[in-house]
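# Understanding the architecture of this molecule
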Amino acid sequence: MPITTAFQTEIQRVSILDEHGQFDAELGDGLISNDDLVRLYEDMALCRKLDEVAFKLQRSGRMGTYPQNMGQEATSLGAAYVLNQDDWLVTCYRENCGLFHRGLPPEKILLHWMGDERGNHIDPELCVTPIAVPIGTQMLHATGLAWASKYRNESRIACTFFGDGATSEGDFHEAMNFAANLDIPVVFFCQNNHWAISVPGHIQCSAPTVAQRALAYGMDTIQCDGNDLFAVVHCMKTATEHARKEGRPFFIEGVTYRLGDHTTADDARRYRDQDEVDLWTERDPIVRIREHMKSLKIWDDSKEAQLAERVEEETSAIVQRAEGIEAPNDDDFFTSMYADLPADLRRQMDTRRTSSIGEDPSQIENPQTA
Amino acid sequence: MPITTAFQTEIQRVSILDEHGQFDAELGDGLISNDDLVRLYEDMALCRKLDEVAFKLQRSGRMGTYPQNMGQEATSLGAAYVLNQDDWLVTCYRENCGLFHRGLPPEKILLHWMGDERGNHIDPELCVTPIAVPIGTQMLHATGLAWASKYRNESRIACTFFGDGATSEGDFHEAMNFAANLDIPVVFFCQNNHWAISVPGHIQCSAPTVAQRALAYGMDTIQCDGNDLFAVVHCMKTATEHARKEGRPFFIEGVTYRLGDHTTADDARRYRDQDEVDLWTERDPIVRIREHMKSLKIWDDSKEAQLAERVEEETSAIVQRAEGIEAPNDDDFFTSMYADLPADLRRQMDTRRTSSIGEDPSQIENPQTA
Amino acid sequence: MANLTLVQAINLALVQEMEKDDRVLLLGEDVGLNGGVFRVTEGLQKRFGDHRVVDTPLAESGIIGTSIGLAMAGLRPVPEIQFEGFLGPAYDQLCSHAARMRTRTRGGLTVPLTVRVPVGGGIHAPELHSDSPEAIYIHQPGLKVVMPSSPYDAKGLLIACLRDPDPCIFFEPKRIYRAFREEVPEDEYVLPIGVARTVCEGDDLTVVSWGASVVQCMQAIEASNRSVELIDLRTLYPFDMDAVERSVKKTGRCVIVHEAPKTAGFGGEIAARIMERCFLHLEAPVQRVAGFDTIMPYYKLELEYLPDTERIGKAIEETVAY
Amino acid sequence: MANLTLVQAINLALVQEMEKDDRVLLLGEDVGLNGGVFRVTEGLQKRFGDHRVVDTPLAESGIIGTSIGLAMAGLRPVPEIQFEGFLGPAYDQLCSHAARMRTRTRGGLTVPLTVRVPVGGGIHAPELHSDSPEAIYIHQPGLKVVMPSSPYDAKGLLIACLRDPDPCIFFEPKRIYRAFREEVPEDEYVLPIGVARTVCEGDDLTVVSWGASVVQCMQAIEASNRSVELIDLRTLYPFDMDAVERSVKKTGRCVIVHEAPKTAGFGGEIAARIMERCFLHLEAPVQRVAGFDTIMPYYKLELEYLPDTERIGKAIEETVAY
Ligand SMILES: Cc1ncc(C[n+]2csc(CCOP(=O)(O)OP(=O)(O)O)c2C)c(N)n1
Ligand SMILES: Cc1ncc(C[n+]2csc(CCOP(=O)(O)OP(=O)(O)O)c2C)c(N)n1
Ligand SMILES: [Mg+2]
Ligand SMILES: [Mg+2]
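Rules of the game
- Residues numbered from 1 in each chain as written.
- Chains lettered and ligands numbered in written order.
- Predicted model: local features only at pLDDT ≥ 70, side-chain atom pairs only at ≥ 80, totals over all residues.
- Heavy atoms only, no water.
- Contact = heavy atoms within 4.5 Å.
- Buried area = accessible area lost by both parts, 1.4 Å probe.
- Salt bridge = Lys/Arg side-chain N within 4 Å of Asp/Glu carboxyl O.
- Polar contact = N/O pair within 3.5 Å; in protein donor to acceptor, adjacent residues only side chain to side chain.
- Helix = DSSP H or I, 4+ residues; strand = E, 2+ residues; numbered from the N terminus.
- Nonpolar A, V, L, I, M, F, W, Y, C, P; charged D, E, K, R; others polar.
- Least-squares fit on C-alpha atoms with pLDDT ≥ 70 in both.
- Donors = N, O, S within 2.8 Å, 3.2 Å for Na, K, Ca; no water.
- Buried < 20%, exposed > 50% of the residue type's maximum accessible area, 1.4 Å probe, protein only.
- Pairing = 2+ DSSP bridges.
- Expected span 1.5 Å × (residues − 1).
- Near = heavy atom within 4 Å.
- Areas by Shrake-Rupley, 256 points an atom, 1.4 Å probe, with all protein chains shown as cover.
- Domains from an automatic or database assignment.
- Axes fitted to C-alpha atoms, helices over the stretch in contact; angles between N-to-C directions.
- Parallel < 35°, antiparallel > 145°, perpendicular 65-115°, else oblique.
- Left-handed = near helix turned anticlockwise from the far one by under 90°.
- Patch = residues over 30% accessible without salt bridge, like charges linked within 9 Å, V, L, I, M, F, W, Y side chains within 5 Å.
- Lys, Arg positive; Asp, Glu negative; His and termini not counted.
- Charge placed at Lys NZ, Arg CZ, Asp CG, Glu CD.

### Brief notes about the interface of chain C and chain D
Contacts between the two partners involve 51 residues from chain C, matched on the other side by 51 residues from chain D. Together, the buried faces of chain C and chain D total about 4,300 Å²; carbon and sulfur atoms form 61% of this surface. Considering only the surface of chain C that becomes buried against chain D, His139, Met275 and Ile295 of chain C emerge as the three largest contributors, covering 16% of it. Across the contact surface, chain C and chain D share 8 salt bridges. Here Glu276 of chain C makes a salt bridge to Arg288 of chain D, at a shortest N to O gap of 3.0 Å. If you look at where chain C meets chain D, you find 17 residue pairs in polar contact (both at pLDDT 80 or more). For the side of chain C that touches chain D, the secondary structure elements donating two or more residues are helix 4 (91–98), helix 5 (101–104), helix 6 (134–138), strand 13 (254–261), helix 10 (266–278) and strand 14 (287–291) of chain C. Of the residues forming the side of chain C that touches chain D, the biggest block, 8 residues, is contributed by helix 10 of chain C. Grouping the constituent residues of the side of chain C that touches chain D by class yields 27 nonpolar, 12 polar and 12 charged.

### Remarks on the relation of the copies chain C and chain D
The two copies are related by a screw operation: chain C maps onto chain D through 180° of rotation and 0.0 Å of translation along the axis, at an RMSD of 0.0 Å. Both copies are brought into coincidence by an operation consistent with a two-fold rotation axis. Looking at the interface residues of chain C, 98% of them are also at the interface in chain D, so both copies use one shared face.

### Some points on the coordination of the magnesium ion (ligand 3)
Residue and element names in this part refer to chain A. Only Asp164 (OD), Asn193 (OD1) and Trp195 (O) from the protein coordinate the magnesium ion (ligand 3), and they sit 2.0 to 2.1 Å from it. Mapping the donors of the magnesium ion (ligand 3) onto the primary sequence yields the spacing D-x28-N-x1-W. Here Trp195 lies in strand 5 (residues 195–196) and Asp164 lies in the loop between strand 3 (158–163) and helix 7 (170–181), a separation of 31 residues in the sequence.

### A closer look at the pairing of strand 7 (residues 168–173) of chain D
Residue and element names in this part refer to chain D. Within strand 7, 6 of the 6 residues are buried, which leaves the element mostly enclosed by the surrounding structure. Alternating positions in strand 7 separate into two faces, Cys168, Phe170 and Glu172 on one and Ile169, Phe171 and Pro173 on the other, with burial throughout. Pairing of strand 5 (residues 114–119) with strand 7, which is carried by 6 bridges, proceeds in the parallel orientation. Residue Arg116 lies in a different strand from strand 7, and its bridge partner there is Phe170. Bridge count for strand 6 (residues 144–146) against strand 7 is 3 bridges, and the pairing is parallel. From the neighbouring strand, Val145 faces strand 7, where its bridge partner is Ile169.

### As for helix 2 (residues 34–59) of chain A
Its 26 residues give helix 2 of chain A an end-to-end C-alpha distance of 38 Å, which sits within 8% of 38 Å, the value for a rise of 1.5 Å per residue. Of the residues flanking the end of helix 2 of chain A, it is Gly61 of chain A, one or two places downstream, whose phi is positive at about 80°.

### Notes on the site of ligand 1
Taken together, 20 residues lie near ligand 1, and Tyr93, Arg94, Gly165 and Trp195 of chain A together with Glu60 of chain C sit nearest. In this structure, ligand 1 sits where chains A and C come together, each supplying nearby residues. Contact distances for ligand 1 include 3.0 Å between an oxygen atom and a backbone N or O atom of Ala166 of chain A. A distance of 2.5 Å separates a nitrogen atom of ligand 1 from a polar side-chain atom of Glu60 of chain C. Tallied by class, the residues present in the shell around ligand 1 amount to 10 nonpolar, 5 polar and 5 charged.

### Overview of the site of ligand 2
Tyr93, Arg94, Gly165 and Trp195 of chain B together with Glu60 of chain D are the nearest of the 20 residues found near ligand 2. In this structure, ligand 2 sits where chains B and D come together, each supplying nearby residues. At 2.7 Å, a backbone N or O of Trp195 of chain B approaches an oxygen atom of ligand 2. One of the side-chain nitrogen or oxygen atoms of His262 of chain B is found 3.4 Å away from an oxygen atom of ligand 2. Contact with the protein chains covers 95% of the free accessible surface of ligand 2, which is 580 Å². Its residues assigned to classes, the shell around ligand 2 shows 10 nonpolar, 5 polar and 5 charged.

### Quick notes on the domain arrangement of chain A
Taken domain by domain, chain A holds domain 1 (13–323) and domain 2 (332–358). One C-alpha centre belongs to domain 1 of chain A, the other to domain 2 of chain A; they are set 39 Å apart.

### Comments concerning the packing of helix 6 (residues 138–151) of chain B against helix 3 (residues 60–72) of chain C
Direction vectors running N to C along helix 6 of chain B and helix 3 of chain C enclose 55°, while the axes themselves pass 6 Å from each other. It follows that helix 6 of chain B is oblique to helix 3 of chain C by the angle criterion. Read as a crossing pair, helix 6 of chain B and helix 3 of chain C show a hand that is right-handed. Counted together, Leu140, His141, Thr143, Gly144, Leu145, Trp147 and Ala148 of chain B of helix 6 of chain B and Ser61, Gly62, Gly65, Thr66, Ile68, Gly69, Leu70 and Met72 of chain C of helix 3 of chain C form the full contact between these two elements. Across the contact of helix 6 of chain B with helix 3 of chain C, the residue classes tally to 7 nonpolar, 8 polar and no charged.

### A look at the domain arrangement of chain C
How big an interface is tends to be reported as the loss of accessible area on association of its parts. Residues and elements named next belong to chain C. Each domain of chain C was delimited in the assignment, giving domain 1 (2–184) and domain 2 (197–321). One C-alpha centre belongs to domain 1, the other to domain 2, and the line joining them spans 26 Å. Counting each side, the surface lost to burial between domain 1 and domain 2 is near 2,100 Å², with a carbon and sulfur contribution of 58%. Summed over the shared surface of domain 1 and domain 2, the result is 2 salt bridges. A salt bridge links Arg234 to Asp153; its shortest N-O distance comes to 3.1 Å. Where domain 1 meets domain 2, there are 12 residue pairs in polar contact (both at pLDDT 80 or more). Among the elements of the structure, helix 6, strand 6 (144–146) and helix 7 (151–163) are those that each provide at least two residues to the side of domain 1 that touches domain 2.

### Some details on the interface of chain C and chain B
Of the residues lining the interface, 52 residues belong to chain C; the matching set on chain B comes to 41 residues. Buried area between chain C and chain B, summed over both chains or domains, comes out near 3,800 Å², and the portion from carbon and sulfur atoms is 61%. Summed over the three residues of chain C that lose the most area to chain B, namely Pro57, Thr66 and Arg106 of chain C, the buried surface amounts to 17% of that side. Our count for the contact surface shared by chain C and chain B stands at 3 salt bridges. Two residues, Asp242 of chain C and Arg347 of chain B, come together in a salt bridge whose shortest N-O distance is 3.8 Å. Applying the counting criterion to the chain C and chain B interface returns 20 residue pairs in polar contact (both at pLDDT 80 or more). Elements with a contribution of two residues or more to the side of chain C that touches chain B: strand 2 (24–28), strand 3 (53–55), helix 3, helix 4, helix 5 and helix 10 of chain C. No other element matches helix 3 of chain C, which puts 10 residues into the side of chain C that touches chain B. Partitioned by chemical class, the residues of the side of chain C that touches chain B number 21 nonpolar, 16 polar and 15 charged.

### Remarks on a negative patch on the surface
A grouping of Asp273, Asp275, Asp278 and Glu282 of chain A is seen on the molecular surface, where their side chains present a negatively charged patch. Looking at where Asp275 of chain A falls in the secondary structure, it is placed in helix 10 (residues 274–281).

### Considerations on the packing of helix 9 (residues 241–251) of chain C against helix 10 of chain C
Residue and element names in this part refer to chain C. Look at helix 9 against helix 10: their axes get within 10 Å of each other, and the N-to-C directions meet at 60°. When the interaxial angle is binned, helix 9 and helix 10 end up oblique. For the pair helix 9 and helix 10, the sense of crossing is right-handed. Of the residues in helix 10, those in contact with Met241, Asp242, Val244, Glu245, Val248 and Lys249 of helix 9 are Ile270, Arg273, Ile274, Arg277 and Cys278. Split into classes, the residues belonging to the contact of helix 9 with helix 10 amount to 6 nonpolar, no polar and 5 charged.

### A short note on the sheet that holds strand 1 (residues 3–14) of chain A
As summarised here, the arrangement of the 12 strands in space is 2(A)-3(A)-4(A)-8(A)-7(A)-1(A)-1(B)-7(B)-8(B)-4(B)-3(B)-2(B), forming an open sheet in which the pairing is mixed. The open sheet terminates on both sides in strands that have one partner only, identified here as strand 2 (88–90) of chain A together with strand 2 (88–90) of chain B. Neighbour-to-neighbour, the strand axes of the sheet open up by a mean angle of 20°, direction not taken into account. Sitting on the sheet, helix 3 (residues 73–82) of chain A touches strand 2, strand 3 and strand 4 (186–192) of chain A, and the angle it makes with strand 3 of chain A is about 175°. Against the sheet, helix 3 (residues 73–82) of chain B engages strand 2, strand 3 (158–163) and strand 4 (186–192) of chain B, with an angle of about 175° to strand 3 of chain B.

### Notes on the side chain of Gln223 of chain A
For Gln223 of chain A, the location among the structural elements is in strand 7 (residues 220–225). On the accessibility criterion, Gln223 of chain A (7% relative accessible area) is buried. Looking at Gln223 of chain A, its side chain comes within polar contact range of the side chain of Arg13 of chain A, at 3.2 Å. A distance of 2.9 Å separates polar atoms of two side chains, one belonging to Gln223 of chain A and the other to Glu253 of chain A. Excluding residues that lie within four positions of it along the chain, Gln223 of chain A makes contacts with Ile11, Gln12, Arg13, Val14, Thr209, Ala211, Glu253 and Val255 of chain A together with Ala6 of chain B.

Written out as structure tokens, the structure reads:
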């Protein structure tokens, strides 16, 4: 037979609660308890509000560049909801909602964008890595972290988040390939929000799905409506079970949309149509859950009003904590470089205000006799 | 519908002339004329012989490390046969056969491995890039070269070769992704020879095929028996037509085997079984063509004997040309650095035998009065 | 003449070369419709079409690697790397290939590309958006490295790079992208790579600097009451050691100022060269005011890190008093 | 005591640390069954199993990036990069992450990994198998950089790196992997990072070097009839400037020798520091014998490039005569 079939596959797409309120009971019932649903909704509301507040902080000069998460809350939240507390959560910068759910104090995120490394000093119990600035690089760390738990025969896995743009970087490929070939339990979660700053998705991946990136590695993969918390939770359950049982990686493409600008330094009107934004505004992951809860009669306008008030208070408290922190100690950027400060670096630190000559105070005191 | 199909595909494998001499006439007839077949066979024989000679040169201290091509002759040869003379051929280091077919003087390859850059000074008419030492990097150059011809509305394409190991590098991913998303006509040809030095193929790609790497990019892809010259030619025709007509890339996995050590610095017995080598020795691409030609009555033992003699002569002439070259000019490694030698570098060059003090001859002549 | 910012001068140089030479094409992340995150390529895609100003996938090695191919084919690609902190993924293609292709092939294949990269700190940016990696690329033989500190120089030097037959890295000090304007001729002109600019003359001491630090140096010199000669290297490889030598032989004293970490920074090379060339003229050790051997801190502390007029002024005083 | 080559001493250090500390694991290309292309990890996979000695995919960024994850999780990964020429693809993970994680998180996450890398020329290898990129990593704050020149030092320094809480690059001069043997204690011992070794003492001049060049320096000194003090830095960041200062204050003259290109090489930093610290003691400019600012040529010419005893000897003579 001259022509045979060497490989054959198909990729599924999951949607449970769509933007028209249609809910698939078969997959959806029992997936998230009503209590949990309310709690998750509240998480999203807080995250959305903090985004608003952060935007204003930036505009009024109280914070540096900030990337809003608006519209993408369901992805990381659904993931954090399914993961165990000791699974590594290795994120990029649009996963506030999942991180807060995990327990990261929200002021940490604000501090980071306020130009303060203390925002990245995170309680190790949280099993969270700091915001990753260089795109596409953190997935390798997730692979290493999960490899360590395999090495130690622990059941912990890692879940890493990244954007559609990140899948263009070589490091993405290497992370996927290491995990697939060395059997490392990582869940790779791509937030396909259709844009990487001004560059549209098809420049990053012209294939019909981002999910099929995983086929290159023989990795199990699925696509879901990333604005559908139920679909995200469903896929994360499949993925984490697979990772824990088979010790193998899993890929999830969450199809979502960045409702805001890329960051506060960006102006998305330069490069994308309002029509597209309007379309996706209708697919808002938060609205969808709210309407669903109302239809379940576990939510109403008065609860909404109470929540709005609470969220308002909480966010001001968060901002207060972030802004209320004492000024950073300017020795820190020396002393945090190494476990033991090398003598030469100590000398730089010690003499930085007194002298620049050879960093050696003795020379200045007796310049002619040194 | 909660679960739908987002993507579906299958990959074909092509084999026309197998190791048992079975020939698929439907695909194979007319693919390579008998005259061409003889010529291609002679190319392979020369290449194989030169491999032998090179090995001995290395063992007797007349050449540095050398990577034998043995067993993989059909892949690059089939590609070069199908490509146009002005298509870029961007190879790694196991494509001697295709390069010689293109017209590269074989002594160039020897010179390279004899530690002489003049081996890389190649007639631009040949449209060939030099041997690529850093694994996985040259495919990006092929993408750029093909992009240039698209930019100029030329019909030239590029074809790039690389190993299974190379598909693990991030640059491989980036080259594939650029070509797919920016519509650049490159044929990506992976020589899957099952090993990357001592590391077996499944550590590089645990998926059932390497061909499916291309699915990540929505790129057309095919697998072929890489030891089957007919199958290679068939796939290359498909690929080049696609590239020229659609302006799109194409991926070919040629399944083959490295019959020799990785290089002369390697000893493959340390890490692989003789059984496997024996199995693949039976699948030798050269033997297969010879037997096929005999069955077509266009080849016989006396022709084989004549060829052996000719090849013997040719290879010694090649070695003579490589070894007979004058010693390199040791200014060259300075003067070839930039189009115009910077003054500082000229000073380094001019003073390198006379002085090391500040590279400034004037200082030495009158050290106390400078 | 027009009164232009650094950003505008660069944009103008690009426009003029693209009009003149259709081998020139721009590629990178967000360089198209968006005009680059600093708007340096603003309007160019509209003007020249999306085949000449190309938004690429988010992959720096890919941007440089494909540019190498484009250049080997005879085009003049001008890749943009969005911030110097993201040169890292492209390091290998730059140093293993772009820098080596000419000598590897003994002139058979060449790589006339110009990488544009915003560089340096002081703009309150996030991590990896404020570094100064120039020494890395100066140390790599085969590259040319340029860093202007003014709109006039930027235009003339960028045109020089675009026409250069070898790979150039054109660092754009982002802190002064829009900090001031300068008269820039509307006609094209070329400034030679390898020639420094004497910003001001003086007899007591020589200051050598480049990039945004030149502005800090000017302020420090203004505030000092010494007669200080300021040399802006402008091009870092090749660099104008003759100009430095002449000046230091006159003044006998020198302070070098740069943002990058001190240890194994380019300042060390200049200092060593001054010792080699001016040993008997030196009246004080050459001093360096540089970034510390730490990671550039996040922005709350970045001004503690960057050489400022106070540190530069102190170094001038101490070196003159030595 | 055993009489060991450099390769054997490194292998021994790895064995001992792996026995003692099960957090130590090795990973890289061909490090397993094959024992590495230089056989440095020979026998280790057999001894410790394939979960502790792991053949990885052919991807240097992946090797370093996953090692960072392993290290953040508390393990002690020891990635091997097959040749220094292939550190390029790992540059970004090393410099953007390994070097920054501790300070980025103010100590919350740390990266105790040791990258082993063969380095340098002189073995008739192909392109990109003979480079000396140490200055690049010395310039990157947050890393430690080590390059021993003898079996004894190699063992003690490698153990120091493996136990160090911060990321280390351990460069192994491949030219002397098997060039000579030395008595190496069988017991484990640690040599401190940051302390140089005085190879021989002298009064006329100080030679500072590291890596395989130290051997060339010893030969040149032997052939010379000057009284020369030779300092092998051994560790390049942090480095033992005090030892250099003491010696140069005594001799008043110094020659620095390294294989890497001269411009912006680490020799420039040492020279600048000597000027800063010993200005009034210097009787001649500090000289550098280094690789030229060219690509290391293919092997037919590599000996024209590498500092040899003749060039070193000449520099000693000229500097003493200055
Ligand atoms: C290596 C690297 N290159 C470039 C950048 C600049 N940059 C920051 S975010 C971004 C786009 C990222 O797109 P995507 O991965 O889709 O994530 P999204 O912002 O859409 O969530 C770019 C280009 C960077 N941070 N790192
Ligand atoms: C970037 C890089 N890393 C490592 C090496 C060392 N090395 C040379 S060949 C090789 C294996 C290549 O395997 P593959 O791509 O399958 O090609 P093959 O040798 O099998 O033809 C390795 C690891 C290299 N040359 N470049
Ligand atoms: Mg995106
Ligand atoms: Mg292979």
